[in-house]
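Per-entry structural report
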Amino acid sequence: DQQVKQNSPSLSVQEGRISILNCDYTNSMFDYFLWYKKYPAEGPTFLISISSIKDKNEDGRFTVFLNKSAKHLSLHIVPSQPGDSAVYFCAVRSTNFGNEKLTFGTGTRLTIIP
Amino acid sequence: DTAVSQTPKYLVTQMGNDKSIKCEQNLGHDTMYWYKQDSKKFLKIMFSYNNKELIINETVPNRFSPKSPDKAHLNLHINSLELGDSAVYFCASRRQGAYNEQFFGPGTRLTVL
């Protein structure tokens, strides 16, 4: 039972344009949402996050939007650069007695076309 | 200077063997994790340790036994390896705190023949 879904396995975007990656989740109890970026043969690296009390968080070219009523999370990258080509995972956090657990989506492979 | 390191990076072995993967973090973090990424690219948590104590065990077969000799190390020992254990295993660590992210190691690709 997938609690976190990234329905687009891949996405191609022209350099300089906006990349929009989407993520849907099922459980309204998740309280913290993160995006990770992964290059081949490397571990995921943290990109940006948002808590459930906010609907937007911006960090340079990266903005994460949270729509709690729709249980939807999106990552906007603008302008897109060739170095942004990677697999992007969304992750949602649940907390049990102070212990954190992250559940990841299956990832979206983003390719930036020069 | 590597923050979370894993050894080995690649491991090829026969069914039925016992093998270990080591993980070390030099970030001073309190909590460490093991994740498995299978052939369908699902990245799933297996275990979590906080200050050397097991706090999450996601119904992983008991052939998998994590060991944390100290806060900086979390090793994964696997007995009687099966074909389905083939995957990439990632170690991660995190500092305690409400909004601190997890830092991942480079992964260990395990292939069971």
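This text goes with the structure placed above it.
What counts, and where the lines are drawn
Think of each chain on its own: its residues are numbered from 1, step by step along the sequence as written. The order in which chains are written sets their letters, starting at A; the order in which ligands are written sets their numbers, starting at 1. Owing to the predicted nature of the model, reporting of local features is limited to residues with pLDDT of at least 70; listing and counting of side-chain atom pairs is limited to 80 or more, with chain, interface and lining totals taken over all residues. As a rule here, side-chain values cover all heavy atoms of the structure and leave hydrogens and water aside. For this document, the term salt bridge refers to a Lys or Arg side-chain nitrogen within 4 Å of an Asp or Glu carboxyl oxygen. Helix and strand assignments come from DSSP, with helices taken as H or I runs of at least 4 residues and strands as E runs of at least 2, each series counted from the N terminus. Burial status follows relative accessibility: with a 1.4 Å probe on protein chains alone, a residue under 20% of its type maximum counts as buried, one over 50% as exposed, and anything between as partly exposed. Strand pairing is assigned whenever DSSP detects at least two bridges linking the two strands. Orientation is described by axes fitted as lines to C-alpha atoms, over the contacting stretch for helices, and by angles from 0 to 180 degrees between their N-to-C directions.

Observations regarding the pattern of salt bridges
For the structure on display, the rule yields 8 salt bridges over all chains. Across the salt bridge formed by A:Lys101 and B:Glu58, the nearest N and O atoms sit 3.1 Å from each other. Placement of A:Lys101 in strand E10 (residues 99-104) and of B:Glu58 in the loop between strand E6 (53-57) and strand E7 (64-70) is noted, with the two residues assigned to different chains. Residue classification places B:Glu58 among the partly exposed positions, given a relative accessible area of 31%. One salt bridge connects B:Arg63 with B:Asp85, and the closest N-O pair in it is separated by 2.8 Å. In this pair, B:Arg63 sits in the loop between E6 and E7 while B:Asp85 sits in the loop between strand E8 (73-78) and strand E9 (87-94), placing the two residues 22 residues apart along the sequence.

Quick word on the sheet that holds strand E1 (residues 4-7) of chain B
Residue and element names in this part refer to chain B. With respect to topology, 4 strands assemble into an open sheet ordered E1-E3-E8-E7, the strand pairing being antiparallel. Each edge of the open sheet is held by one strand with a lone partner, namely E1 and E7. Strand-to-strand, the axes of this sheet are offset by a mean angle of 20°, without reference to chain direction. With 5 bridges connecting them, E7 and E8 associate as antiparallel partners. By the bridge assignment for E8, serine 65 is matched with histidine 77.

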